[in-house]
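The residues making up each chain are set out below.
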Amino acid sequence: MARRTVSHEDGTIYEFAPDLDGVATVDPGTRLTVETVDSLEGTVGAESDLVESVPEEVNAATGPIEVAGASPGDVLRVEIEAIRIAEDRGRVITMEGFGLLDGHEGIEAPRTRITPVEDGAIEFAGIEVPVDPVVGTIGVAPESESYTTLVPHDHGGNLDTTAMTAGNVAYFPVFQEGAMLAMGDCKAAMADGEMCGTGSEIATEIDVTVDVVETARGIDRPLVETPDAWTALASAETLEEACELANRDAVSLLAAEHGLDATDAYMLSSLVGGLEISQVVDPLVTVRNAIPKAYLSDPFGR
């Protein structure tokens, strides 16, 4: 099957809402190339270009892409096959009112650093950092409330997690007919935490295959499959709340896999799970809890 292209020129969103209209409709199993712009949409091209505060519209997400036949209760499967850098430079910025150390002594905002891309690395202040692209914002239409593309929640959104990278598979709960997938806000490189509020923001081309998982064992929040683990993602106002949600999801998965009650599954999660921080700078913070496949073979019970 030929790969279909959906571009930011076809449409972008700045809000994941329950009533989205698709800019393209595809069948399950369709192979796509999704073209994205950087999170600041080309407004920062030099270090003299400063961003004073978070723009009203930021993290443009290409789409939405309607997946025919996806219905509430299903799970949308998004295999991330490749992420290609589509420009010769990224940008890292600080903004007033944003970032983990915002307002701390010695931290200047706004500031811009351009990160040229060459030979598989970005250059930051004379330091080479390997290119390792991630998709910052990816999600589906939510169940009832609307969330800007700056906010992560159960629908996905601005998850800013290094697990959202080539070679992994993302799963999202379907809340609306057609799922309404959108993605963007990619980074050429980003560390767990995304401490200053950005990675190396850059335009990309993302190769994905979308499919629908029909299962009686659904999910409440995004899940990522890596070669070695199943990783539950959760976002909340505090790290503690996000960790609790991610652990609850892990407990449910382990209980179903092994026929355990909640307490035994909780105890098992304390032996085999792995809580990690994805980002601590967005309006809601995001964590993930990885369960090795040795202890969780298939969260959907197929």
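Thresholds, definitions, all that
Residues numbered from 1 in each chain as written. Predicted model: local features only at pLDDT ≥ 70, side-chain atom pairs only at ≥ 80, totals over all residues. Heavy atoms only, no water. Core = buried A, V, L, I, M, F, W, Y, C linked by side-chain atoms within 4.5 Å. Buried < 20%, exposed > 50% of the residue type's maximum accessible area, 1.4 Å probe, protein only. Helix = DSSP H or I, 4+ residues; strand = E, 2+ residues; numbered from the N terminus. Contact = heavy atoms within 4.5 Å. Salt bridge = Lys/Arg side-chain N within 4 Å of Asp/Glu carboxyl O. Pairing = 2+ DSSP bridges. Axes fitted to C-alpha atoms, helices over the stretch in contact; angles between N-to-C directions.

### Looking at the nonpolar core
Move 1: Counting residues in each nonpolar core, the largest one holds 32 residues, and the members touching the most others are V78, M164 and I206.
Move 2: Put simply, the parts of the chain that give this core at least two residues each are β4 (24-26), β5 (31-36), β6 (61-67), β7 (75-85), β12 (134-139), β16 (169-173), β17 (181-187) and β18 (204-213).
Move 3: Excluding residues that lie within four positions of it along the chain, M164 makes contacts with I80, I83, V134, V135, I138, L159, A170, F172, V224 and L233.
Move 4: With 19 residues, the next largest nonpolar core counts V75, W230, A250 and I291 among its residues.

### Notes on the side chain of D74
Move 1: One can find D74 in the loop between β6 and β7.
Move 2: A relative accessible area of 13% places D74 in the buried class.
Move 3: Discounting residues that sit within four places of it in the chain, D74 has contacts with G69, F172, P173, V174, V212, V213 and E214.

### A few points about the pattern of salt bridges
Move 1: Scanning the model with the defined rule gives 17 salt bridges in all.
Move 2: Ionic pairing is found between E47 and R113, a salt bridge with its closest N-O pair at 3.4 Å. Of this pair, E47 sits in the loop between β5 and β6 while R113 sits in strand β9 (residues 111-118), placing them 66 residues apart in sequence.
Move 3: The partner of R288 in a salt bridge is D192, with the nearest N and O atoms 3.0 Å apart. Of this pair, R288 sits in strand β22 (residues 285-292) while D192 sits in the loop between β17 and β18, and the two are 96 residues apart along the sequence.
Move 4: On the accessibility criterion, R288 (6% relative accessible area) is buried.

### Side note on the sheet that holds β7
Move 1: What the nine strands build is an open sheet, ordered β1-β5-β18-β7-β16-β19-β20-β22-β21; its pairing is mixed. Both outer strands of the open sheet, β1 (4-6) and β21 (275-279), are each paired with one neighbouring strand and no more. Geometrically, the sheet is characterised by an average inter-axis angle of 30 degrees between neighbouring strands, direction not taken into account.
Move 2: As judged from the five bridges shared by β7 and β16, these two strands associate in the antiparallel manner. Bridge pairing in β16 places V75 opposite P173.
Move 3: Contacts between helix α1 (residues 239-258) and the sheet are confined to β19 (223-225), β20 (229-236), β21 and β22, with β22 contributing the most and set at about 25 degrees to the helix.

### Some remarks on unusual backbone geometry
Move 1: The omega angle of the peptide bond from G63 to P64 is 5 degrees, so this bond is cis rather than trans.
Move 2: Inspection of the secondary structure puts P64 in strand β6.
Move 3: Look at E194: it is not a glycine, yet its phi comes out positive at around 45 degrees.

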